[in-house]
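Analysis of the macromolecular model
Residues per chain are reported as follows:
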Amino acid sequence: MHILKFGGTSVGSVESIRQVIRIVTTHRQQETPLAVVLSAMSGVTNQLIEIGRMATDGQTDYMELVRRIEDRHFNVVKALVPVKEQGKIVAAIRGTVNELEDLLRGVSLIRELTPRTMDLIMSFGERLSNLVVAECVKASGLPAVFCDARELIKTDAQFGHAEVNYTQTNPLVQAYFAQNNGFSAPIPFVTGFIGSTEKGETTTLGRGGSDYTASILGAALNADIIDIWTDVDGMMTADPRKVPNAFNIPTITYAEAMELSHFGAKVIYPPSLQPAFARNIPIRVLNTFNADHAGTLVSRTADRRQYTITGISSIDDVALVNVQGSGMIGVAGVSAKLFGILAQHKISVILISQASSEHSICFAIDPKGADRVKTILDEEFAADVASGHIDNISIERDLSIIATVGEGMRKSSGIAGKLFSVLGKNGVNIVAVAQGSSEINISVVITKNNLSKALNALHNVFFQSEARVLNVFLVGTGLIGQALLRQIHAQSEFLRQEKLLKICVVGLANTKKMVLDTKGLDLTDWETRRKTEGVTTSLPAFVEKIKSYNLPNSVFIDCTSDKDIVQHYESLLDANISVVTPNKVANSGSYAEYRRLQRTALNRGVKFLYETNVGAGLPIINTLQGLLTSGDRFLKIEAILSGTLSFIFNTFKPGTQFVDVVREAKEKGYTEPDPRDDLSGQDVARKILILAREAGFALEPDDVSVEKILPPSCLDAPTIPTFFDALKAENGYFDNLLATADARGEKLRMIATFENGKAVIGLRGVGPEHPFYQLTGADNIISFTTERYKERPLVIKGPGAGAEVTASGVFADMVSIGSYLG
Ligand code: ADP
Ligand code: ASP
Ligand code: MG
């Protein structure tokens, strides 16, 4: 015997029913008797519930909804049954719908909807779908017969969630199939989801219960296999609707499947695994719309897997009940009493967690029952509260549960550590934790608004052959921003293959327009998209969007030199969003502000990276931090930190005039529009300030002294041309400086020095023994004298400006966040 169960979407439309007929036909060709179980057409059960409610409320337009359900079934008949046979089927549908209408009229008269009546109303979904599909199958040339499961499946009277009485059910099922036996017998199309009490009242087996019907039949008939045909390729590592990277699990044990489905993988209704498990009947989960896919085989054993966990599932909406009080400590029987009460009221508990101090017990329940539970417990524990044994009973709502499941977890350590660390890094607070003693499930309760982020982050980390995703938000699409986007685009394949990292640029903004797309922007046409679809940039709005998306592994990149944007760093870091920037403003303000950002990043477990604050892409800050964290101490930092000033003093040699050199630098685009902005040394001051802070010194901006290079006449010149005139007039002054240095065999260099807690910037003469003597072009050079590098300082030298190298430094910072995610 082979049981085939098709879910709601598999019988949801004419096209899907065609597919069902194809699958049944293929199986019929094999020499095994078949039984088919069908759900209601997709959406119908929900509509029937709605119709029932409308009728109770006295609304009359429920008839419109009934018509729609009826029409859906008529349309199937019209499409799949030859015209001359349609009449009697349409009449049968009509007859069944009439019965429903009579029932609804009764409900709307007495204005009362008992669970018993609701079950009867819901039963029409499966009754109609099986009636219609059985006829369509007949029309396709296969013998088929409609079978009402209420005749076979006997239950108690717990309407909405009836329990099966196997002693009565099994013989009835066996007797029915004994009559309809043999290969040529018509294929029974059995209504899923429904049964009846001893008195013959209709019951239902719980939402999603058609799977259960298939398993009950399979167990009673000792079937060879039970197929659950649905709309996905078997059981997946997570719900594919919530985790786009989820993938198929080829084989899984009953225990794992039970844990996954109990914790929300609705692809199988949890109780349905039990009867099959007890008789050791394998279940396959298959895709009606991709019938060649092998799906998932659920049985006693599973193949060896590459991953330590098998899957992740979630229950989206739970409430947590917390019972706490000092009087609970060591007092036996509080939990016995508590769970006794819950059992007595048939309140199902999803998860329980008790602190070892015994000070509190909390448990998760369906939020729909939360008020009732609170009332019951308040009443039952009134005496304990009055006597002070229990402080209070509180309910927390808007929570979700995530469960990681897998037999592989039993044998390996560190799973819980990984789980907590991923959630921590993504700012997901854990409200409660539970691990089953079977060790194949660790469950955590989190706030509902973090569910999607948590699921995707966990999936990324536990199923790492899939690339981890870094969600990037970029502000500033000038030269550096553009170069960065080009580099991300060019390296994306490499990063994916070699670093298992996928960079997804979710948002882009410049001063004019911003565009965001959680699916990621195509980096070949981001500019057009920003122009055509972008909205006027508002930084606060951009930042709010980033926070509200709440995507895992988010990184904010600021490629501007803007002052306002920096105000948002702290709140971004606080929302567990890493920040990467070449913008020096944040780190060169007050020391308190600098520390605050560092602290916030540290507390939140995210990164604030700014390697490009000094020397563009040169590895200066990373080197410095590496030395410091490994225990080295800084004695002196000397540096040429401005490409412009480097060029000017490398070019200013005997025989040249200072004014001409500055003019050349300006013409080559090396200087700011007003060269005095470079020559003032202010930018260098900010850089040495940052380096000193990174080396562990609490410097304020005022602590950096800048010796003036320019005579007052040049500084005071009102315009740029008059500045050049003044510079020319002061030729003698600069010649003099140069000649003095030259006479000593030295070269002039604009050097920033940090030593003995003081930072000074000024023009110095350096001799051939000095590492800065040989500098050429517009290079930067930094020399660190430390306890370890005392004899010969550690020197880093190279181009310290330019969009490409700056962008590559930003790029490296960004990628390092990806690898830190683990
Ligand atoms: P049917 O109507 O066939 O009974 P359901 O809607 O009850 O189908 O169950 C199938 C759905 O279960 C899938 O579309 C998928 O969104 C959801 N689902 C949740 N978790 C998982 C999982 N781990 N693997 C596969 N599907 C899952
Ligand atoms: N039709 C029922 C429901 O929607 C049963 C099922 O689909 O399995 O819950
Ligand atoms: Mg289902």
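Residues numbered from 1 in each chain as written. Chains lettered and ligands numbered in written order. Predicted model: local features only at pLDDT ≥ 70, side-chain atom pairs only at ≥ 80, totals over all residues. Heavy atoms only, no water.

You'll find the protein entered in an unreviewed UniProt entry as Bifunctional aspartate kinase/homoserine dehydrogenase I, with Fibrella rubiginis given as the organism. Here the protein is described in UniProt, under the heading Function (unreviewed entry), as follows: "Bifunctional aspartate kinase and homoserine dehydrogenase that catalyzes the first and the third steps toward the synthesis of lysine, methionine and threonine from aspartate." Taken directly from UniProt, the Cofactor (unreviewed entry) text for the protein runs: "a metal cation". (UniProt positions renumbered as here; feature names shortened; annotations may be inferred.)

**Focus on the site of ligand 2**
Every residue close to ligand 2 is listed here: Ser39, Ala40, Thr45, Glu126, Phe193, Arg207, Gly208, Gly209 and Ser210. Here an oxygen atom of ligand 2 sits 2.6 Å away from a polar atom, N or O, in the side chain of Arg207. Within the contact set of ligand 2, an oxygen atom lies 3.1 Å away from a backbone nitrogen or oxygen of Ser210. A total of 260 Å² of accessible area belongs to ligand 2 in isolation, and the protein chains cover 86% of it. Its residues placed into classes, the shell around ligand 2 shows 2 nonpolar, 5 polar and 2 charged. (Near = heavy atom within 4 Å. Polar contact = N/O pair within 3.5 Å; in protein donor to acceptor, adjacent residues only side chain to side chain. Areas by Shrake-Rupley, 256 points an atom, 1.4 Å probe, with all protein chains shown as cover. Nonpolar A, V, L, I, M, F, W, Y, C, P; charged D, E, K, R; others polar.)

**What to know about the sheet that holds strand β3 (residues 144-147)**
Read across the sheet, 8 strands follow the order β3-β4-β2-β1-β7-β9-β10-β8 without closing on themselves; strand pairing throughout is mixed. Since the sheet does not close on itself, it has two edges, and those belong to β3 and β8 (251-253), each with one partner. Taken over all neighbouring pairs, the strand axes of this sheet differ in orientation by 20 degrees on average, direction set aside. Both strand β2 (residues 34-38) and strand β4 (residues 187-191) contribute to a ladder of 3 bridges, which runs parallel. Bridge assignment links Leu38 to a residue of β4, and that residue is Thr191. Contacting β8 and β10 (296-299), helix α8 (residues 254-262) crosses the sheet at an angle of about 85 degrees to β8. (Pairing = 2+ DSSP bridges. Helix = DSSP H or I, 4+ residues; strand = E, 2+ residues; numbered from the N terminus. Axes fitted to C-alpha atoms, helices over the stretch in contact; angles between N-to-C directions. Contact = heavy atoms within 4.5 Å.)

**A word on the site of ligand 1**
Contacts to ligand 1 come from 18 residues, most closely from Thr230, Asp231, Met236, Asp239 and Arg241. One nitrogen or oxygen atom from the side chain of Asp231 is found 2.9 Å from an oxygen atom belonging to ligand 1. One of the side-chain N or O atoms of Lys266 is found 3.2 Å from an oxygen atom in ligand 1. In the complex, 92% of the free accessible area of ligand 1, which totals 570 Å², lies under the protein chains.

**Points about the pairing of strand β18 (residues 501-509)**
Most of β18 sits inside the fold, with 8 of its 9 residues counted as buried. With 8 bridges joining them, strand β17 (residues 468-475) and β18 adopt parallel strand pairing. Within the sheet, the bridge partner assigned to Val472 lies in β18 and is Val505. Handedness of the crossover joining β17 and β18 through helix α15 (residues 479-498) is recorded here as right-handed. Relative to strand β19 (residues 513-516), β18 runs antiparallel, the two sharing 3 bridges. Within β19, the position partnered with Gly507 by the bridge is Leu516. Where β18 folds back onto β19 in an antiparallel hairpin, the turn is made up of 3 residues. (Buried < 20%, exposed > 50% of the residue type's maximum accessible area, 1.4 Å probe, protein only. Right-handed = clockwise from strand over helix to strand, strands pointing away.)

**Regarding the environment of Ser335**
Along the polypeptide, Ser335 turns up in helix α10 (residues 334-344). Residue Ser335 is classed as partly exposed on the basis of its relative accessible area of 31%. Sequence separation of Ser335 and Val323 is 12 residues, and the distance between their C-alpha atoms is 9.6 Å.

**Considering the layout of surface pockets**
Of the pockets and cavities examined, the second largest pocket occupies roughly 1,200 Å³. Around the second largest pocket sit 38 residues that line it, and Ile480, Lys584, Glu672, Asp683 and Ala801 are the ones nearest its centre. Broken down by secondary-structure element, the contributors of at least two residues to the lining of the second largest pocket are α15, α21 (643-651), α23 (676-679), α24 (682-694) and α28 (803-820). With 5 residues, the single largest contributor to the lining of the second largest pocket is α24. (1 Å grid on protein atoms, 1.4 Å probe; cavity = no way out; pocket = protein on both sides within 12 Å on 5 of 7 lines; lining within 4 Å. Points joined across faces, edges and corners; volume = space filled by probe spheres on them.)

**Quick word on the packing of aromatic side chains**
On inspection of all chains with the given rule, the structure shows 21 aromatic pairs. Ring centres 5.8 Å apart and planes at 35 degrees place the aromatic pair Phe649 and Phe658 in the tilted group. With respect to burial, Phe649 and Phe658 carry one shared label: buried. An aromatic cluster is built from Phe649, Phe652, Phe658, Tyr733 and Phe734, whose rings are joined through pairwise contacts. (Phe/Tyr/Trp six-rings, centres within 6.5 Å; stacked < 30°, edge-to-face > 60°.)

**A few points about the packing of helix α3 (residues 62-80) against helix α4 (residues 83-110)**
The N-to-C vectors of α3 and α4 enclose an angle of 165 degrees; their axes lie 10 Å apart at closest approach. Between α3 and α4, the angle falls in the class roughly antiparallel. Handedness of the crossing formed by α3 with α4: right-handed. Residue-level inspection shows Tyr62, Met63, Val66, Arg67, Glu70, His73, Phe74, Val77 and Lys78 of α3 in contact with α4, the latter providing Gln86, Ile89, Val90, Ile93, Arg94, Val97, Leu100, Glu101, Leu104, Arg105 and Ser108. Per-class residue counts for the contact of α3 with α4 are 11 nonpolar, 3 polar and 6 charged. (Parallel < 35°, antiparallel > 145°, perpendicular 65-115°, else oblique. Left-handed = near helix turned anticlockwise from the far one by under 90°.)

**Details of the nonpolar core**
One broad trend across soluble globular proteins is that nonpolar side chains are buried collectively. Phe556, Leu727 and Phe784 are the most contacted members of the largest nonpolar core, which has 81 residues in total. The element best represented in this core is α24, accounting for 7 residues. Apart from the residues within four sequence positions on either side, Leu727 is in contact with Phe658, Val659, Val662, Leu710, Cys714 and Phe734. (Core = buried A, V, L, I, M, F, W, Y, C linked by side-chain atoms within 4.5 Å.)

**Focus: α4**
Over its 28 residues, α4 runs 41 Å from end to end, which matches the ideal 40 Å to within 8%, given 1.5 Å per residue. When α4 is considered as a whole, its buried residues turn out to be Gln86, Ile89, Ile93, Thr96, Val97, Leu100, Glu101, Leu103, Leu104 and Val107. Check the buried side of α4 and you find it contacts α2 (44-56), α3 and α5 (115-139). Just beyond α4, the residue with positive phi is Arg111, at close to 55 degrees. (Expected span 1.5 Å × (residues − 1).)

**Some points on the packing of α21 against helix α22 (residues 658-667)**
The geometry of α21 relative to α22 is characterised by a closest axis approach of 9 Å and an angle of 140 degrees between their N-to-C directions. One way to sum up the angle between α21 and α22 is to call them oblique. Seen along the crossing, α21 lies across α22 with a hand that is right-handed. Contact residues: Phe647, Ile648, Phe649 and Thr651 in α21; Phe658, Val661, Val662, Glu664 and Ala665 in α22. Residue composition of the contact of α21 with α22, grouped by class: 7 nonpolar, 1 polar and 1 charged.

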